[in-house]
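# Structural description and commentary
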Amino acid sequence: MLSASAFHAAIHNPTLMPVPLALLTLLADGRFHSGQALGAALGVTRSAIWKAMQVCAERGIEIHSVRGKGYRLAQTLDLLRQEQLIRQLDDNVRPLLSCLEIHNEIDSTSKQLLRLAASGAPSGMACFAESQTAGRGRRGRLWVSPFGANIYFSVLWRFAQGPAALSGLSLAIGVAVLEAVQALGIEGCGLKWPNDVLWKERKLAGVLLDLSGEATGPTAVVVGIGLNVRMPETAAAGIDQPWVDLYSLRPAEPPARTRIAAQLLGHVLATLDEFDRQGLTAFQERWARWDCLAGREVTLQLSTQRITGRALGIDPRGALLLETQGQVRAYASGEISLRASA
Ligand code: BTN
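Reference entry: report on the structure contained in this document. (Residues numbered from 1 in each chain as written. Predicted model: local features only at pLDDT ≥ 70, side-chain atom pairs only at ≥ 80, totals over all residues. Heavy atoms only, no water.)

Let's shift gears to the sheet that holds strand β9 (residues 219–227). Across the sheet, seven strands lie side by side as β3-β4-β5-β9-β8-β7-β6; this open sheet has mixed pairing. Both outer strands of the open sheet, β3 (99–103) and β6 (189–192), are each paired with one neighbouring strand and no more. Ignoring strand direction, the axes of neighbouring strands in this sheet form an average angle of 15°. Where helix α10 (residues 257–278) meets the sheet, its contacts fall on β4 (125–129), β5 (151–159) and β9, and the angle it forms with β5 comes to roughly 20°. (Pairing = 2+ DSSP bridges. Helix = DSSP H or I, 4+ residues; strand = E, 2+ residues; numbered from the N terminus. Axes fitted to C-alpha atoms, helices over the stretch in contact; angles between N-to-C directions. Contact = heavy atoms within 4.5 Å.)

Here we come to the nonpolar core. A general trend in soluble globular proteins is that nonpolar side chains are found buried together. The biggest cluster of nonpolar side chains holds 65 residues, and the ones touching the most others in it are F128, I151, L227 and L265. In this view, L227 contacts N150, I151, V181, L204, A205, L246, I260 and L264; residues no more than four positions away in its chain are not counted. Grouped together as the second largest cluster of nonpolar side chains are 14 residues, L24, A52, M53 and Y71 included. (Core = buried A, V, L, I, M, F, W, Y, C linked by side-chain atoms within 4.5 Å. Buried < 20%, exposed > 50% of the residue type's maximum accessible area, 1.4 Å probe, protein only.)

Moving on: the packing of aromatic side chains. Within this structure, the stated rule accounts for three aromatic pairs. Between the aromatic rings of F128 and F153, the centroid separation amounts to 4.6 Å while the plane-to-plane angle is 5°, which identifies the pairing as stacked. On the criterion of sequence distance, the pair formed by F128 in strand β4 and F153 in strand β5 is long-range, its members being 25 residues apart. Relative accessible area serves as the criterion here: at 0%, F153 is assigned to the buried category. Ring geometry for F159 and F275: centres 6.3 Å apart, planes at 85°, overall edge-to-face. Here F159, found in strand β5, pairs with F275, found in helix α10; they are 116 residues apart in sequence, far enough to count as distant. Ring-pair connections join several aromatic residues into one group, and the members of that group are F159, F275 and F283. (Phe/Tyr/Trp six-rings, centres within 6.5 Å; stacked < 30°, edge-to-face > 60°.)

Our next topic: the site of the ligand. Not every one of the 20 residues close to the ligand is listed here, only the nearest: S108, Q132, R136, R138 and K203. Summarising the interface, the protein chains cover 99% of the accessible area of the ligand, which totals 420 Å² for the free molecule. For the shell around the ligand, the secondary-structure elements that each account for two or more residues are α6 (109–118), β5, β8 (202–213) and β9. It is β8 that contributes the most residues to the shell around the ligand, four residues altogether. Tallied by class, residues from the shell around the ligand come to six nonpolar, ten polar and four charged. (Near = heavy atom within 4 Å. Areas by Shrake-Rupley, 256 points an atom, 1.4 Å probe, with all protein chains shown as cover. Nonpolar A, V, L, I, M, F, W, Y, C, P; charged D, E, K, R; others polar.)

Considering the arrangement of structural elements, one finds V223 in strand β9. As for V223 and F153, which are separated by 70 residues in sequence, their C-alpha atoms are 8.3 Å apart. Ignoring any residue separated from it by four or fewer positions in sequence, one finds V223 in contact with F153, S154, V155, I173, L208, L209 and L272.

On to α10. Look at α10: 31 Å from first C-alpha to last across 22 residues, which is about the 32 Å you get at 1.5 Å a residue. Directly beyond the C-terminal end of α10, a positive phi value near 70° is found at G279. (Expected span 1.5 Å × (residues − 1).)

This paragraph deals with the pattern of salt bridges. The full count for this structure, using the stated rule, is 13 salt bridges. Here R317 and D315 are joined by a salt bridge, their closest N and O atoms 3.5 Å apart. Owing to a relative accessible area of 11%, D315 belongs among the buried residues under this scheme. Through salt bridges that share partners, R138, K192, D196 and K203 make up one connected network. (Salt bridge = Lys/Arg side-chain N within 4 Å of Asp/Glu carboxyl O.)

With that settled, consider the packing of helix α3 (residues 35–42) against helix α4 (residues 46–58). At a closest axis distance of 8 Å, the pairing of α3 and α4 adopts a crossing angle of 100°. By the criterion of interaxial angle, the relationship of α3 to α4 is roughly perpendicular. Between α3 and α4, the residues in contact are G35, Q36, L38, G39 and L42 and R46, I49 and M53, respectively. (Parallel < 35°, antiparallel > 145°, perpendicular 65-115°, else oblique.)

The next subject is the side chain of E130. The residue E130 is located in the loop between β4 and β5 in this model. The class for E130 is buried, based on a relative accessible area of 2%. Side-chain polar atoms of E130 contact the backbone nitrogen of L80, separated by 2.7 Å. For E130, the contacting residues outside a window of four places in its chain are L79, L80, H103, N104, P146, F147, G148, Y152 and R257. (Polar contact = N/O pair within 3.5 Å; in protein donor to acceptor, adjacent residues only side chain to side chain.)

Turning our eyes to something else, we now look at the packing of helix α7 (residues 169–183) against α10. Two elements in contact, α7 and α10, have axes separated by 9 Å at closest approach and are oriented at 145°. In the packing of α7 onto α10, the handedness of the crossing is right-handed. On α10, the residues touching L169, A172, I173, A176, V177, E179, A180 and A183 of α7 are R259, Q263, L264, H267, V268, T271, L272 and F275. Tallied by class, the residues present in the contact of α7 with α10 amount to eleven nonpolar, three polar and two charged. (Left-handed = near helix turned anticlockwise from the far one by under 90°.)

Remember that side chains alternate between the two faces of the sheet whenever the strand is regular. Along β6, one buried face is formed by C189 and L191 and the opposite face, lined by G190 and K192, is buried too. For β6 and strand β7 (residues 196–199), the ladder comprises four bridges, and the chain directions are antiparallel. Counterpart to K192 in the pairing with β7 is D196. Linking β6 to β7, which pair antiparallel, is a turn of three residues.

Rendered as structure tokens:
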């Protein structure tokens, strides 16, 4: 098993070998395959197979090796399928999708759409990846993105307005992700301002927005979403906050990743379209329904200050309302962090 530091070193190493997809396809059935049989099927030596196994380990793909039996994936591979994903979108949402890319491996789906946006990519373009080598979280964090395990995707949307009019968008996207999770039969999740999807204070999904454009508009927004589906142990060692995955929340096998991806993408596209027409107004009540900090004592970390008070939901711009010593003040998003106080 790869240690957390080795996993981090591996995912930050730009000279990484690409994920050996042909090998993984042979192992996808979850059965044991001998090094010799794999080598013969791929036309390479057993030592090349052994090296490919090391590459898999570096990328957080767990493979069991048993003397006399060979190699077996620790968990069966369930890869994203483009045609099925598009087919599984609701008829009223499908026209909002202009283009769909699925990569086996990419630095970051959000970076990819930022690059494409700069060269004129259309609104409604989506990019998924089986793994990210430089997945980005909020506040400069790394988003751990092992191969074929979770969902990592981004959507580009072009708004006519400037960034000021889009202040509540990240909250609306939080609602979209939560309602998609709900539609997949996962109960008991809530939203932590501005848009973390939590289950019992453990993070299930995160949302990251990248905005570019002029102050008066138009604005290109790349919405990036990561949802934990079945986090391998090796990769989990690199996560520095309490987390949970869909797999541990469902008594039975979770839905196929393609279905999860379609639910998420459908909800996000519908939300971008609705926000474009109505702004946060359409989502304020829904956000409040899922607010898991409402009425609770919380600590708000500003850049130079820490404030403790009672969370009272959001204002019409999506700012957090906090009551301290009988006074209610609104705090906008930005460099603010929020923690439930002990
Ligand atoms: C957070 O820290 O809560 C936000 C996490 C966002 C992660 C997703 S994964 C897909 C997209 N690509 C990235 O590099 N980041 C976002």
